[in-house]
Amino acid sequence: MTQTPFKQFLFGGDYNPEQWPKEIWAEDMQILTDVHMNEATINVFSWAQLQPSEETYDFSTLDAIVETLTRANFDIVLATSTAALPAWLVTRYPEVTRTDYEGRHARFGGRHNACPSSPIFRFYGAKLAGKLAERYGHLKNVVCWHISNEYGGYCYCDNCAAAFRVWLRQKYGTLDALNNAWYTHFWSHTFYDWSEIVPPNALSDGINHDHNVVLSGMGIDWRRFQSEALLQNLKDEKAAIRQYDPDTPITTNMMGTFKDLDYFQWAKELDIVSWDSYPAYNTPHSEVAMRHDLMRGLKGGQPFMLMEQTPSQQNWQAYNATKRPGQMRALSFQAIAHGADTIQYFQLRQGRGGTEKFHSAVISHADHDETRIIRETRALGSELAKVGPQLMNGRIQAKVGLIFDWDNYWSLEYSSGPSVSLTYVDQIKRYYAAFYRQNTAVDLIPTNLSADQLARYDVVLAPVLIMVKPGVSDAIHQYVANGGTFVTTYMSGINDEHDNVIMGGYPGPFRDLCGLWAEEIDALPLHTAVLVQFGDTETGGSIVANVSHLEGAETIAAYGGADYYANTPAVTVNTYGTGQAYYVGAVLDTAGMDVLVDRLIQDKHLDHFTTPADVELTTRHYPDYALHFLINNGNQTETVDTSRFAGMPTLIGDGPVQATTELAPYGLIVIQETK
Amino acid sequence: MTQTPFKQFLFGGDYNPEQWPKEIWAEDMQILTDVHMNEATINVFSWAQLQPSEETYDFSTLDAIVETLTRANFDIVLATSTAALPAWLVTRYPEVTRTDYEGRHARFGGRHNACPSSPIFRFYGAKLAGKLAERYGHLKNVVCWHISNEYGGYCYCDNCAAAFRVWLRQKYGTLDALNNAWYTHFWSHTFYDWSEIVPPNALSDGINHDHNVVLSGMGIDWRRFQSEALLQNLKDEKAAIRQYDPDTPITTNMMGTFKDLDYFQWAKELDIVSWDSYPAYNTPHSEVAMRHDLMRGLKGGQPFMLMEQTPSQQNWQAYNATKRPGQMRALSFQAIAHGADTIQYFQLRQGRGGTEKFHSAVISHADHDETRIIRETRALGSELAKVGPQLMNGRIQAKVGLIFDWDNYWSLEYSSGPSVSLTYVDQIKRYYAAFYRQNTAVDLIPTNLSADQLARYDVVLAPVLIMVKPGVSDAIHQYVANGGTFVTTYMSGINDEHDNVIMGGYPGPFRDLCGLWAEEIDALPLHTAVLVQFGDTETGGSIVANVSHLEGAETIAAYGGADYYANTPAVTVNTYGTGQAYYVGAVLDTAGMDVLVDRLIQDKHLDHFTTPADVELTTRHYPDYALHFLINNGNQTETVDTSRFAGMPTLIGDGPVQATTELAPYGLIVIQETK
Amino acid sequence: MTQTPFKQFLFGGDYNPEQWPKEIWAEDMQILTDVHMNEATINVFSWAQLQPSEETYDFSTLDAIVETLTRANFDIVLATSTAALPAWLVTRYPEVTRTDYEGRHARFGGRHNACPSSPIFRFYGAKLAGKLAERYGHLKNVVCWHISNEYGGYCYCDNCAAAFRVWLRQKYGTLDALNNAWYTHFWSHTFYDWSEIVPPNALSDGINHDHNVVLSGMGIDWRRFQSEALLQNLKDEKAAIRQYDPDTPITTNMMGTFKDLDYFQWAKELDIVSWDSYPAYNTPHSEVAMRHDLMRGLKGGQPFMLMEQTPSQQNWQAYNATKRPGQMRALSFQAIAHGADTIQYFQLRQGRGGTEKFHSAVISHADHDETRIIRETRALGSELAKVGPQLMNGRIQAKVGLIFDWDNYWSLEYSSGPSVSLTYVDQIKRYYAAFYRQNTAVDLIPTNLSADQLARYDVVLAPVLIMVKPGVSDAIHQYVANGGTFVTTYMSGINDEHDNVIMGGYPGPFRDLCGLWAEEIDALPLHTAVLVQFGDTETGGSIVANVSHLEGAETIAAYGGADYYANTPAVTVNTYGTGQAYYVGAVLDTAGMDVLVDRLIQDKHLDHFTTPADVELTTRHYPDYALHFLINNGNQTETVDTSRFAGMPTLIGDGPVQATTELAPYGLIVIQETK
């Protein structure tokens with residue numbers, strides 16, 4: 001499936017009428033229809049209501065909800081309700097809850113609380129999904145399945161331990177292979193029987209919660225196993241649904257750069273990617289954009305669903321500012337610009353109780369339609385009703401690919417040393433943001449692309465590619481040899497797929513490609529920097545600074561200052577075949593990143609566009625036209641030189657584009673360029 | 001009981017001679033008598049000595065202590081020793097200790113360590129109290145019972161879980177009612193059997209330790225239950241005492257704004273309130289005063305006992321500064337000014353061992369009477385011996401009532417969103433402190449006063465009255481209709497008694513009263529503020545800022561700045577009947593609070609008095625005279641315009657009041673005004 | 001044994017070839033020989049490999065390693081491998097792992113993971129040591145036994161509880177004695193049966209993790225017991241070794257000022273002290289020096305082994321900077337200057353996996369010998385090969401003794417109050433550093449020296465000597481009476497050996513000696529100071545400030561400022577017999593410490609020498625000559641007035657000493673002065 005599977009631009013969101021008396025539902029339908037909504041996501045947390053006991057199911061409330069929505073012409077995204085266990089199931093089968101990192105087995109409470117390896121949970125979770133599919137799968141307006149909800153969190157119970165051992169046995173075959181892969185001769189960890197292996201937590205091999213296990217190979221395998229175990233839960237439910245409903249698309253809502261799950265593996269099981277975007281009041285615009293691009297990248301550029309965003313405030317952050325007037329619209333169009341083909345909210349009616357009751361919703365506690373949120377929602381709904389079909393199914397044509405990989409995420413953050421300041425997403429963001437500042441499109445891509453697949457990019461970025469899995473180095477070598485430009489950094493090329501160091505000097509398999517040997521990785525104390533002379537620009541390096549030796553590469557930036565590695569290479573470029581490989585030896589500050597990216601843009605003639613800092617330009621391409629989304633993400637009026645687009649019509653905007661465009665706070669225009 | 005039950009002004013404190021050889025007791029009696037002490041609080045932590053085993057009791061040491069004190073003419077406050085379990089009881093009956101928030105069941109150690117629901121603990125605790133009453137209750141100089149000590153802390157064990165279920169069944173009758181009250185359809189929490197309910201802790205529905213449970217209705221019921229379970233322990237002991245001693249007053253020592261216990265409920269069971277005041281070196285004077293006023297308010301203004309204060313240092317704070325010369329006296333008179341009719345210390349002799357050994361005491365490790373503490377205690381004792389009878393039983397006549405309510409405390413702090421900076425006591429303190437700066441008397445009052453009871457106040461303050469329990473709104477409406485002035489704020493009028501939102505727009509039941517609808521509650525990031533134009537004064541709002549619409553009210557302060565709610569109402573006043581209702585939309589800074597309070601003082605002609613910042617004036621009224629306590633709480637000399645009192649005699653001071661009074665550091669005068 | 005037991009200056013370190021294929025060993029031997037290494041420390045974590053099951057041992061790999069090293073002429077330090085349990089032992093006997101402070105019993109993982117009281121662990125640990133001794137003890141090049149590794153950490157399991165009770169019964173005989181010693185009448189802690197006593201942790205009497213238990217006497221006894229229990233593990237292994245190997249020296253590697261173990265007790269069981277020195281990039285030079293001096297002091301000045309240091313980076317600190325060029329050499333010579341007779345590294349080859357893989361090693365991941373580390377190691381090896389024999393067995397002749405005592409360490413840090421900023425090592429460091437700034441040699445000494453032993457020092461320093469154990473006060477009195485100079489401070493002379501206060505006024509047994517009574521100990525809030533007028537110098541006191549009364553002493557510094565103790569004594573000196581006793585009443589800042597130390601140096605004519613701040617001069621004495629180590633520990637070039645040594649030859653350096661010596665960054669010279 002490469003097109004959005006929906007017949008219309010879905011505009012709606014999570015709706016939990018089971019928390020309310022039925023009298024209120026009619027009012028809801030009226031308000032939601034009035035704001036141009038056409039979709040509701042239902043049944044997300046209703047297991048306890050759907051199944052009052054082990055033996056009985058009760059679909060009467062859900063039937064009524066479906067009927068109400070159907071009568072109001074709403075499409076339905078139907079969740080399977082398995083993300084929170086019913087209390088009776090926990091009481092009867094204590095094994096269904098999780099054991100946490102501290103070794104404590106949970107009693108009833110919370111959500112996302114099921115042990116993924118519990119046979120009881122797996123049986124009853126899938127059974128419920130099947131029952132729902134049998135009953136509702138045939139309905140025309142059930143347009144999508146939403147399995148569980150925001151999967152995440154690990155379990156360290158004995159069922160998981162047993163399943164982990166099975167998983168390991170399948171992976172390694174022999175304990176010798178496992179001992180070798182995990183480097184178990186370290187600290188006397190040699191295993192002689194599979195039963196000796198226990199999950200790495202606070203009671204065993206965990207060194208602390210956020211960082212580190214004694215054997216990082218074990219730690220990464222544990223994460224792989226848990227990600228797969230949770231994915232198996234999804235696959236169980238999917239199989240149950242497919243018994244009754246062969247073709248309604250299936251998704252689960254993801255969470256951007258969430259660490260626990262290898263979303264590239266997960267996306268393979270989904271018909272369409274969906275995700276929940278919850279920027280805080282101070283999240284950089286580039287970070288929001290990057291997360292969208294990562295979600296789009298999970299299925300190779302296919303449009304995705306914005307399954308959840310808040311109409312205004314969240315409740316669970318420290319400081320939950322309201323979205324400013326226009327900001328919700330701007331964020332919605334930013335999502336669309338980056339590949340979203342739906343706009344959905346959490347939630348349509350604000351709860352009266354429960355920990356999320358101060359999370360905003362379309363219909364607020366005021367219980368009427370005279371709120372700012374309603375007005376802004378109605379205005380956006382009106383726009384989407386008009387132009388929605390033209391927005392759908394556009395593609396971003398990026399010439400820059402940025403590798404994002406969960407094994408690398410885990411490997412980098414399991415590294416003990418050289419610096420606690422080196423975290424994965426922060427590093428990826430620095431590279432993304434530098435291109436974002438130039439409005440140059442970037443795809444987030446997995447590690448395992450072939451040279452042919454890489455060839456669609458002029459530039460491939462691989463910051464902190466600490467783990468080089470089989471085939472990766474070959475593909476990159478071939479890509480560069482054929483003319484590609486590759487950029488990698490400090491902490492790349494260090495480990496193999498088991499998280500053991502590749503001997504022979506950093507950056508290991510990229511040493512010949514980059515024409516350089518990184519002998520040392522100095523760690524800079526917090527808030528200190530080393531001078532980096534990058535052309536005419538004095539920039540700063542922080543966190544880590546490699547001490548490197550040229551082996552064919554050319555130095556394009558050198559360390560300054562008086563320390564022992566002053567005047568040695570900080571950033572280099574090496575010609576390999578008909579391509580080039582850059583190696584960045586220190587964490588560059590913004591100025592340094594800009595010099596680097598300017599050079600890449602110039603060299604590779606990458607498309608870019610100058611805007612004020614708060615304004616972004618993003619382009620989606622359609623068979624017959626392109627849409628340029630020019631969005632002011634900030635709360636000041638901004639003026640943009642739009643002479644490049646002068647005279648083109650606007651899909652959203654006040655007539656044809658002028659040479660100069662003034663954008664109100666959170667204002668935007670969508671330019672339609674005919675091909 | 002509305003008068004202090006003691007025949008003399010008690011001056012003494014905690015005394016633990018059982019930790020010392022008897023040889024030292026005679027020396028103690030001599031020193032303590034010399035410093036004019038007349039009371040000792042004994043037997044606070046002696047259970048293990050009183051009852052060496054399940055079958056045996058040994059009162060010989062306590063007999064000797066009582067005899068020693070009696071011979072030295074000391075009154076005795078007799079504690080029941082149940083605040084710390086003996087080790088043998090724990091070893092024999094492990095159920096008597098608590099299970100903590102993390103789900104860990106304690107072994108022997110610490111204090112305040114008994115599970116309130118343990119039948120074994122309840123049996124033996126009450127039994128000990130009865131035995132003490134039987135043996136000592138008839139003694140004339142046993143003037144007060146001190147049950148247990150500083151009750152607090154919760155237990156999450158299975159006995160408590162079972163008792164909680166019984167409590168819930170009594171409260172709700174049916175699970176339907178409970179499910180409705182707790183909003184259990186949220187996150188699939190519907191209960192079908194009482195046994196499915198478990199205490200909300202880290203293993204169940206707790207989200208984190210300080211904040212939040214998934215279902216705040218459950219969380220608040222849990223706190224109500226635990227507060228009552230501990231109170232039941234007190235009632236058990238009280239009943240046991242009353243079997244033998246029908247009339248000696250009973251108290252337990254409280255802890256000011258301590259969160260765990262609903263002290264208004266507790267006070268009903270006490271004959272006199274007592275509490276332990278432990279300001280740190282940097283606690284604001286107004287905060288100390290407010291805690292006294294809260295303790296006085298627990299029984300509607302009846303005088304209280306200052307059961308514990310330290311003569312100089314504490315040991316358990318981070319930085320335990322000594323009290324400066326005169327500071328202990330100033331703090332003592334501040335307590336008296338606010339309603340204390342005793343001055344008692346922890347403790348009379350400093351321990352040689354145990355975690356409190358660096359806590360100061362009247363008799364220090366130096367073991368003689370040539371210390372500064374002794375000199376200052378003797379001087380104070382001499383004053384109290386002289387004027388004590390005249391100090392006792394005065395009443396504060398406040399025309400301002402400030403609502404303090406534990407359900408609201410819990411509800412506000414269980415709120416997830418809009419801001420983590422919004423904490424209950426901090427909010428109450430802001431309102432208290434603003435009146436304190438004007439030396440205007442304030443009563444701390446409960447939520448459940450009738451309109452008639454409220455009518456004794458010209459102004460009723462209800463900051464962050466987030467939970468409006470049944471009857472509260474009606475009483476306040478009637479109070480205002482009849483001419484009262486009511487002040488409420490952001491985060492008021494939101495939840496019902498189950499912590500579910502009252503629909504229809506904030507501030508819910510106060511919307512008509514305040515003539516305003518608060519549509520949005522913006523949260524301001526840490527250390528940011530929004531401009532509030534309050535008359536001619538530019539003030540700042542922080543933490544939260546409501547976006548409101550007038551529905552009859554008048555704007556008296558509006559937001560400034562350039563944000564979207566600039567020029568909308570920040571503070572309003574509405575006329576309702578013959579009264580007025582103020583609504584404050586943002587957390588005001590000191591300047592803003594002062595403008596508001598000045599207005600209230602002017603409008604309502606409230607008594608006030610100008611002093612330097614560190615000086616307070618507080619007045620107690622007696623049948624025939626009033627005493628004005630003018631206290632310098634600071635360490636600089638201060639000059640006060642006392643022309644209002646010129647010529648009046650001083651009970652403490654150098655002759656009649658002059659037009660201007662100079663107060664040395666920590667100096668004070670007590671002015672006697674004849675009626 | 002008072003001489004270093006080795007025939008040559010050992011230069012080597014930890015070597016773990018069992019983690020590598022044998023093919024690589026030959027390369028290792030070549031590189032290590034080339035850098036002049038002559039020693040390898042092996043078998044530190046190989047238990048799982050040596051003993052694959054309860055019934056079988058396999059020494060084949062270790063045989064091969066020993067053979068390889070022997071053939072390459074390496075001396076061997078042979079570890080016993082008992083510092084990390086094999087997984088099979090944990091699976092079969094879960095009791096062998098520890099129960100932590102939180103009460104959680106560990107599963108398999110980590111290292112230093114054995115319960116010291118487990119009979120199973122004790123049996124198999126000692127058995128392994130015996131087997132190793134039987135097999136390798138006779139080898140000539142096995143020059144030292146290295147039992148376990150970096151002992152530390154406590155266990156709170158039931159086996160430990162039972163052993164603790166036995167230990168207590170042996171110590172106290174009766175529960176009465178224990179109750180008295182522990183002051184158990186506090187908070188109802190009286191024990192009536194030994195079985196009622198449980199280890200003080202989070203489930204019992206622990207108040208928090210870092211600080212405090214309810215009964216500090218129990219807390220200190222628990223620490224004494226755990227230190228002894230771990231020491232018993234060492235003794236078990238030692239006994240097993242001695243069955244087969246009567247004379248090879250035995251050590252275990254210590255960790256400087258590590259809190260858990262009473263190293264003075266441990267040193268008695270060792271033939272030679274060894275330790276692991278891991279300064280961070282920002283550790284003060286004086287602190288590194290002090291730790292060396294403490295390690296030297298453990299056996300009364302006998303040279304020690306520098307068992308581990310890193311050639312460049314560590315991995316486990318937050319920011320693991322590389323050692324700058326020359327810095328590893330400077331740190332090595334600093335160790336030698338302070339008494340080290342070996343230079344050993346962790347480790348010789350950098351691991352490919354495990355949590356320490358980013359810890360630097362002599363042979364790095366680059367896997368060749370063209371690294372900076374190799375070059376610097378080779379240069380140092382070359383120097384040591386040349387001058388090593390002349391460096392060995394020198395003695396430091398200090399005239400200043402500084403008391404360091406683990407009971408005091410524990411007592412001070414168990415103190416609740418007066419200030420959390422008062423930590424033991426920090427206090428000791430302040431006194432050490434002040435002498436270090438003058439290049440005056442200091443011995444770290446235990447508390448229990450006799451007056452005769454003390455008499456070898458002109459000055460004895462006893463900062464925060466809070467616990468005065470039996471005999472200590474007498475020895476110090478006699479030492480001073482005979483002409484010694486004694487310096488003590490705030491928080492000294494307070495507790496007896498059970499941590500109960502010595503009555504009669506601080507500083508207790510030193511009150512007559514110091515001629516002063518410290519009535520109060522004020523605690524100063526964080527970042528505040530009190531003025532101290534010390535002669536002409538205005539200095540500052542922080543953390544605590546005593547309010548004292550002279551009883552014969554003379555004030556040499558008084559408090560300034562306007563607070564109540566202004567103009568009272570801050571620092572005093574008292575003449576006692578023919579000696580003097582100083583009492584320092586507040587934590588002095590650097591300027592204040594310098595005034596004090598200048599006075600002591602002048603009065604006692606202590607040897608001192610002026611250098612720039614980063615340069616130290618330390619002298620070792622040999623029968624026929626002295627070596628003066630003049631080391632620049634900083635990264636700037638420094639100039640030193642060396643006229644005192646002008647003309648003397650240099651053992652390391654460019655010819656005879658000039659009047660002025662310029663030291664490059666991390667540069668050093670070693671001056672040889674003939675006697």
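Residues numbered from 1 in each chain as written. Chains lettered and ligands numbered in written order. Predicted model: local features only at pLDDT ≥ 70, side-chain atom pairs only at ≥ 80, totals over all residues. Heavy atoms only, no water.

Draft legend 1. Molecular detail of the overall build of chain A. Helices and strands together make up the secondary structure of chain A, namely 18 helices and 26 strands. The C-alpha radius of gyration of chain A comes to 26 Å, within 12% of the 26 Å expected for a compact globule of 675 residues. In terms of its C-alpha atoms, chain A occupies a principal-axis envelope of roughly 75 × 75 × 40 Å. For chain A, the proportion of its 675 residues judged to be buried stands at 69%. A fraction of 73% describes how many contacts in chain A between residues 6 or more apart in sequence connect residues 24 or more apart. Positive and negative side-chain charges of chain A, numbering 49 and 78 respectively, have mean locations separated by a distance of 6 Å. (Helix = DSSP H or I, 4+ residues; strand = E, 2+ residues; numbered from the N terminus. Rg over C-alpha atoms; globule rule 2.2 N^0.38 Å. Buried < 20%, exposed > 50% of the residue type's maximum accessible area, 1.4 Å probe, protein only. Contact = heavy atoms within 4.5 Å. Lys, Arg positive; Asp, Glu negative; His and termini not counted. Charge placed at Lys NZ, Arg CZ, Asp CG, Glu CD.)

Draft legend 2. Region of interest: the interface of chain A and chain B. Across the contact, 54 residues belong to chain A and 55 residues belong to chain B. Sorting the residues of chain A by area buried against chain B places Tyr319, Arg352 and Phe358 of chain A first, and these three jointly supply 17% of that buried surface. One salt bridge connects Arg324 of chain A with Asp563 of chain B, and the closest N-O pair in it is separated by 2.7 Å. Where chain A packs against chain B, one counts 31 residue pairs in polar contact (both at pLDDT 80 or more). Within the residue set of the side of chain A that touches chain B, elements represented by two or more residues are helix 2 (47-50), helix 4 (87-92) and helix 12 (372-391) of chain A. Its residues assigned to classes, the side of chain A that touches chain B comprises 21 nonpolar, 21 polar and 12 charged. (Buried area = accessible area lost by both parts, 1.4 Å probe. Salt bridge = Lys/Arg side-chain N within 4 Å of Asp/Glu carboxyl O. Polar contact = N/O pair within 3.5 Å; in protein donor to acceptor, adjacent residues only side chain to side chain. Nonpolar A, V, L, I, M, F, W, Y, C, P; charged D, E, K, R; others polar.)

Draft legend 3. Geometry of the interface of chain A and chain C. Contact with chain A, which involves 55 residues of that partner, is made by 54 residues of chain C. Of the roughly 4600 Å² buried where chain A meets chain C, counting both sides, 54% is carbon and sulfur surface. For the pair chain A and chain C, the interface holds 7 salt bridges. Note that Glu520 of chain A is salt-bridged to Arg372 of chain C, the shortest N-O span being 2.8 Å. For the interface between chain A and chain C, the tally reads 31 residue pairs in polar contact (both at pLDDT 80 or more). With 6 residues, the single largest contributor to the side of chain A that touches chain C is strand 14 (residues 516-523) of chain A. Of the residues in the side of chain A that touches chain C, the class split is 28 nonpolar, 17 polar and 10 charged.

Draft legend 4. Representation of the relation of the copies chain A and chain B within the structure. Aligned on chain B, chain A shows an RMSD of 0.0 Å; the corresponding rotation is 120° and the shift along the axis is 0.0 Å. With respect to symmetry, the two chain copies, as superposed, fit the operation of a three-fold axis. (Least-squares fit on C-alpha atoms with pLDDT ≥ 70 in both.)

Draft legend 5. Just the sheet that holds strand 5 (residues 250-251) of chain B, in detail. Residues and elements named next belong to chain B. Read from one edge to the other, the open sheet built from 9 strands follows the order 5-4-3-2-1-9-8-7-6, with strand pairing classed as parallel. Looking at which strands have only one partner, the edges of the open sheet turn out to be strand 5 and strand 6 (253-254). With 3 bridges joining them, strand 1 (residues 10-14) and strand 2 (residues 39-42) adopt parallel strand pairing. Its bridge partner lying in strand 2, Gly13 is registered against Ala40. Relative to the sheet, helix 10 (residues 285-298) contacts strand 6, strand 7 (274-276) and strand 8 (304-308), its axis offset from that of strand 8 by approximately 130°. (Pairing = 2+ DSSP bridges. Axes fitted to C-alpha atoms, helices over the stretch in contact; angles between N-to-C directions.)

Draft legend 6. Looking closely at the packing of helix 14 (residues 424-436) of chain B against helix 18 (residues 590-604) of chain B. Residues and elements named next belong to chain B. At a minimum axis distance of 9 Å, the contact between helix 14 and helix 18 shows a crossing angle of 60°. Classified by the interaxial angle, the pair formed by helix 14 and helix 18 is oblique. Here helix 14 and helix 18 pass one another in a crossing that is right-handed. Taking contact as the criterion, the partners of Arg430, Tyr431, Ala434 and Phe435 in helix 14 are, on helix 18, Met593, Leu596, Val597 and Leu600. The residue inventory of the contact of helix 14 with helix 18, partitioned by class, reads 7 nonpolar, no polar and 1 charged. (Parallel < 35°, antiparallel > 145°, perpendicular 65-115°, else oblique. Left-handed = near helix turned anticlockwise from the far one by under 90°.)

Draft legend 7. Inspection of helix 16 (residues 472-481) of chain B at higher detail. All names here are of chain B. Of all 10 residues that make up helix 16, 7 are buried, and the element is covered over most of its length. Looking at helix 16, one finds that the buried residues are Val472, Ser473, Ala475, Ile476, His477, Tyr479 and Val480. At its buried positions, helix 16 is contacted by helix 15 (451-454), strand 12 (459-462), strand 13 (485-489), helix 17 (511-514), strand 18 (569-576) and strand 19 (579-584). Of the residues trailing helix 16, Gly483 is marked for its positive phi of about 115°.

Draft legend 8. Highlighting the sheet that holds strand 21 (residues 615-621) of chain B. All names here are of chain B. Strands sit in the order 21-22-26-24 across an open sheet of 4 strands; the sheet is antiparallel. Sheet topology places strand 21 and strand 24 (650-652) at the edges, where each strand pairs with a single neighbour. On average, each strand axis in the sheet is inclined to that of its neighbour by 25°, with strand direction left out of account. As paired elements, strand 24 and strand 26 (residues 668-674) share 2 bridges and run antiparallel to each other.

Draft legend 9. Summary view of the environment of Phe45 of chain A. By the secondary structure assignment, Phe45 of chain A is in the loop between strand 2 (39-42) and helix 2. In this structure Phe45 of chain A comes out as buried when scored by relative accessible area, which is 10%. Through-space distance from the C-alpha of Phe45 of chain A to that of Ala581 of chain A is 50 Å; in sequence the pair is 536 residues apart. The contacts of Phe45 of chain A, once residues within four sequence positions are left out, are Ser81, Ala83, Ala84, Arg111, His112 and Asn149 of chain A together with His185, Trp187 and Ser188 of chain B.

Draft legend 10. Local environment of the pairing of strand 15 (residues 530-534) of chain B. All names here are of chain B. Only one face of strand 15 is buried, namely the one carrying Val530, Val532 and Phe534, since none of Leu531 and Gln533 on the opposite face is buried. In this structure, the hairpin formed by strand 15 and strand 16 (residues 537-550) is closed by a connection of 2 residues, where Gly535 is found at a positive phi of approximately 60°. In this sheet, strand 17 (residues 554-559) lies alongside strand 15 in antiparallel orientation, the contact comprising 3 bridges. In the strand pairing of strand 17, Val532 is matched with Tyr559.

Draft legend 11. Focus on the pattern of salt bridges. Throughout the structure, instances matching the rule amount to 112 salt bridges over all chains. Of the charged contacts, one joins Asp271 of chain A and Arg242 of chain A as a salt bridge, the two residues approaching to 3.0 Å between their closest N and O atoms. Residue Asp271 of chain A is located in the loop between helix 9 (263-267) and strand 7 (274-276), and its partner Arg242 of chain A is located in helix 8 (residues 216-242); the two are separated by 29 residues in the primary sequence. You can call Arg242 of chain A partly exposed: its relative accessible area is 24%. A salt bridge links Glu287 of chain C to Lys429 of chain C; the nearest nitrogen and oxygen atoms lie 2.7 Å apart. You can see Glu287 of chain C sitting in helix 10 (residues 285-297) and its partner Lys429 of chain C sitting in helix 14 (residues 424-436), a full 142 residues away along the chain. Classification of Glu287 of chain C as buried rests on a relative accessible area of 10%. For Lys429 of chain C, a relative accessible area of 24% corresponds to the partly exposed category. Here the salt bridges do not stand alone but share partners, grouping Lys171, Asp221, Arg224, Asp405, Asp407 and Lys469 of chain A into one network.

Draft legend 12. Local environment of the domain arrangement of chain A. Residues and elements named next belong to chain A. On domain assignment, one finds that chain A holds domain 1 (158-222), domain 2 (400-604) and domain 3 (615-674). A separation of 31 Å is found between the C-alpha centroids of domain 1 and domain 2. For the pair domain 1 and domain 2, the summed buried area comes to about 990 Å², and 54% of that belongs to carbon and sulfur atoms. If you look at where domain 1 meets domain 2, you find 4 residue pairs in polar contact (both at pLDDT 80 or more). Sorting the residues of the side of domain 1 that touches domain 2 by element identifies helix 7 (175-182) and helix 8 as the ones contributing at least two each. When its residues are assigned to classes, the side of domain 1 that touches domain 2 shows 5 nonpolar, 6 polar and 1 charged. (Domains from an automatic or database assignment.)

Draft legend 13. Up close: unusual backbone geometry. With omega at 0°, the peptide bond leading from Tyr506 of chain A into Pro507 of chain A counts as cis. Mapped onto the elements, Pro507 of chain A comes out in the loop between strand 13 (485-489) and helix 17 (511-514). Following Gly417 of chain B, the chain continues to Pro418 of chain B via a peptide bond in cis, the omega torsion being 0°. Positionally, Pro418 of chain B belongs in the loop between helix 13 (406-414) and helix 14. The phi dihedral of Asn73 of chain C falls on the positive side, at around 65°, and the residue is not glycine. Position of Asn73 of chain C relative to the elements: it lies in the loop between helix 3 (60-71) and strand 3 (75-79). Of note, the phi angle at Trp187 of chain C is positive, near 50°, even though the residue is not glycine. Mapped onto the elements, Trp187 of chain C comes out in the loop between helix 7 (175-182) and helix 8 (216-244). The class for Trp187 of chain C is buried, based on a relative accessible area of 7%.

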